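These are the residues of each chain, in order.
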Amino acid sequence: MTRFAPSPTGYLHIGGARTALFNWLYARKAGGKYLLRIEDTDRERSTDAAVQAILDGLAWLGLEADGPPLFQFARAGRHKEAAESLVAAGKAYRCYLSSEEETALKEAARAKGLAFRSPWRNADSGTPPAGAPFVTRLRAPSENEFIRVHDKVQGVVTTAGREIDDFILLRSDQTPTYMLAVVVDDHDMGVTHVIRGDDHLTNAARQTALIHAFGWQVPTYAHIPLIHGDDGKKLSKRHGALGVEEYRDMGYLPEAMRAYLLRLGWSKGDLDIVSTEEALELFDLEGLGKSPSRLDFAKMGSVNAHFMRLADDQRLVTLMREHAARAGQPEIAKSDAELAAAVAYLKDRAKTLPELYDQFGFILAARPLPRDEKTQKTLSEEALARLGRLQPILAHVETWHHTEIKAALDKFAEAEGIGFGKIGPPLRAALTGGLPAPDLAIALELLGRDESLARLGDVM
RNA sequence: GGCUCCUUCGUCUAUCGGUUAGGACGCCUGAUUUUCAAUCAGGAAAGACGGGUUCGACUCCCGUAGGAGCUGCCA
């Protein structure tokens, strides 16, 4: 049983997406379940829009949970009850410190290099002021105890009890903190494996102390290194900490995102691009790396190109149309079937969906095509004369298919007694006006006979 | 400040005491060639630094430097 537990305070960024992917893969591989828990105990910062963004992002990535999402705040009652059971058992206590007193004590503790302890942790600290607000704190492990976290990535991490402070379980308004909620929920949900960012590594020691207080089973931890920006600094909005929907809008395929994210921090020998199907067979915690990795858009592009080639042409047409619409680009006035046929030739020339759309540029261009200096030069008098002789031949190609067109072109070049190098450039200049386009026979087929002949006519 | 974690080509990584330190992306060169790509062939490119341990260290230990995290009534 694994879980992905984002807090809905912003979009689902790429690091979170990778964490979700690893949890999802691990559960599926092991025949277990993967659940989603929305950690919304911070009422100030949690928003419904963020919840939706996370849900949408995960859906786009195809990382559906094995059950409905659990909203943590809805379980506040259970959390409170759990904390109170700890108080009753003497493992936690009520602390009546004012915030000024607390700040002073914390500063003093820090100056001495000790973790914060409240005087209220001791039973003989006096009678509680009647009606005064209080928080509930964990009675942290004693000075000579050690908490060991057995982490599948980081190894055994030992923390001295004196390093663990009497952290708050229940705030003064009796709502649970993150530390309490995580521990109680993971236990109640039956979570056995916790795969999360290593920003939680030191929290794992705290949580382990809490779990011990409850007398519960400690889950297996795997703290994965964070993803950094391409400058090695922490991921920020400037360099890639975008919501996953922005990657979608940049024209990446979800299966490519999964493959790229998988390799960011996980490896299996020399394997490079690992499809989701293969990953479902191969994923393991042993392959997780220990050092932070950086986002590399160039690599991401090449991975995406790989999956574009494998993708179904009709699907690419649909996705490409969605993108063009979203980007406000003109629609391509051709049927899906026609486009799919073209995509088959054009998709290995594009790394992303917008690039695929751009490949249609030469088809979309309106007649007469503008000519730059280079095309003008290519269309010499000699070349134009030759195109004039080619025109009727193309007009009579029986089936307008690239193999037949190619045969006609070759035959023409032979008849003219010239290499294709003499006919290709001017023909291309006439047909595309210098825009990038595929092989000429294919370009001719895609353009259609009428348009092709019309473009030839335009230059003569 | 204290505690914890990390450190192999520009990037993602393989290596788990003995290798010419391998692969991928990117880059460079060449081939192909009708543009741009794609493709194919080749190339440059790495163990942060300093000490140990050992017959032998990228690999184990210590230190230094750099990076990151935690140290919240945030998660």
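Residues numbered from 1 in each chain as written. Chains lettered and ligands numbered in written order. Predicted model: local features only at pLDDT ≥ 70, side-chain atom pairs only at ≥ 80, totals over all residues. Heavy atoms only, no water.

Draft legend 1. Quick peek at the overall build of chain A. For chain A, the count of helices and strands is 20 helices and twelve strands. Referenced to the eigenvectors of the C-alpha coordinate spread, the extents of chain A come out at roughly 110 × 40 × 40 Å. Per-residue burial for chain A yields a buried fraction of 48% across its 460 residues. Contacts spanning at least 24 positions in sequence make up 76% of the contacts within chain A whose residues lie at least 6 apart. For chain A, the accessible area works out to roughly 21800 Å², and carbon and sulfur atoms hold 52% of it. Here chain A contributes 57 positive and 64 negative side-chain charges, whose respective centroids are spaced 4 Å apart. (Helix = DSSP H or I, 4+ residues; strand = E, 2+ residues; numbered from the N terminus. Buried < 20%, exposed > 50% of the residue type's maximum accessible area, 1.4 Å probe, protein only. Contact = heavy atoms within 4.5 Å. Areas by Shrake-Rupley, 256 points an atom, 1.4 Å probe, with all protein chains shown as cover. Lys, Arg positive; Asp, Glu negative; His and termini not counted. Charge placed at Lys NZ, Arg CZ, Asp CG, Glu CD.)

Draft legend 2. Quick look at the environment of Phe307. By the secondary structure assignment, Phe307 is in helix α10 (residues 297–310). The spacing of Phe307 and Leu253 is 54 residues in sequence and 7.4 Å in space, taken between C-alpha atoms. Setting aside residues up to four positions removed in sequence, Phe307 forms contacts with Leu253, Glu255, Ala256, Ala259, Ile273 and Ser275.

Draft legend 3. Main features of the pairing of strand β7 (residues 155–160). Here strand β6 (residues 146–151) runs beside β7; their pairing, made up of six bridges, is antiparallel. Within the sheet, the bridge partner assigned to Phe146 lies in β7 and is Ala160. Here β6 folds back onto β7 in antiparallel fashion, the turn holding three residues. (Pairing = 2+ DSSP bridges.)

Draft legend 4. Inspection of helix α11 (residues 313–326) at higher detail. The terminal C-alpha atoms of α11, which comprises 14 residues, lie 20 Å apart, in line with the 20 Å expected from a rise of 1.5 Å per residue. Regarding α11, the residues found buried are Asp313, Leu316, Val317, Leu319, Met320, His323 and Ala324. Where α11 is buried, its residues touch α7 (244–249), α10, α12 (336–346) and α13 (353–358). Structurally, the start of α11 carries an N-cap: the backbone nitrogen of Gln314 is 3.1 Å from a side-chain oxygen of Asp312. (Expected span 1.5 Å × (residues − 1). Polar contact = N/O pair within 3.5 Å; in protein donor to acceptor, adjacent residues only side chain to side chain.)

Draft legend 5. Region of interest: the pattern of salt bridges. With the rule as written, the count across this model stands at 32 salt bridges. For Arg367, the salt bridge identified is with Asp458, shortest N-O distance 2.7 Å. Taken together, the residues span a long stretch of sequence, with Arg367 in the loop between α14 (361–364) and α15 (373–378) and Asp458 in helix α20 (residues 449–459) at a distance of 91 residues. The exposure class assigned to Asp458 is partly exposed, which follows from its relative accessible area of 28%. One salt-bridge network, held together by shared partners, links Arg3, Arg37, Glu39, Arg75, Arg78, Glu81, Asp185, Asp186 and Asp188. (Salt bridge = Lys/Arg side-chain N within 4 Å of Asp/Glu carboxyl O.)

Draft legend 6. Expanded view of helix α16 (residues 381–395). Taking 1.5 Å of rise per residue, 15 residues should cover 21 Å, and α16 covers 21 Å from first to last C-alpha, within 8% of that figure. Among the residues making up α16, those that are buried are Ala383, Arg386, Leu387, Leu390 and Leu394. On its buried side, α16 packs onto α15, α17 (402–416), α18 (420–432), α19 (440–447) and α20.

Draft legend 7. Spotlight on the sheet that holds strand β5 (residues 135–138). In spatial order, the strands read β4-β5-β8; together these three strands make up an open sheet with antiparallel pairing. Every other strand in the sheet has two partners, leaving β4 (92–95) and β8 (168–170) as the edge strands with one partner each. The sheet shows a mean angle of 40 degrees between the axes of neighbouring strands, direction not considered. Across four bridges, the pairing between β4 and β5 is antiparallel. Each bridged residue has a counterpart across the sheet, and for Arg94 the counterpart in β5 is Thr136. (Axes fitted to C-alpha atoms, helices over the stretch in contact; angles between N-to-C directions.)

Draft legend 8. Molecular detail of the confidence of the model for chain A. Counting all residues, the mean pLDDT for chain A is 91, and 97% of those residues have values of 70 or more. Across the interface, the model reports ipTM at 0.94; the global pTM reads 0.93. (pLDDT = per-residue confidence, 0-100.)

Draft legend 9. Region of interest: the protein's contact with RNA strand B. The immediate surroundings of RNA strand B are formed by 58 residues, with Arg171, Asp272, Arg349, Arg428 and Ala437 found nearest. Ala298 places a main-chain nitrogen or oxygen 3.5 Å from a sugar or linking oxygen of RNA strand B. Within the side chain of Arg309, a nitrogen or oxygen atom sits 3.0 Å from a sugar or linking oxygen of RNA strand B. Here the element with the most residues in the surface near RNA strand B is α18; it accounts for five residues. Across the surface near RNA strand B, the residue classes break down as 16 nonpolar, 17 polar and 25 charged. (Near = heavy atom within 4 Å. Nonpolar A, V, L, I, M, F, W, Y, C, P; charged D, E, K, R; others polar.)

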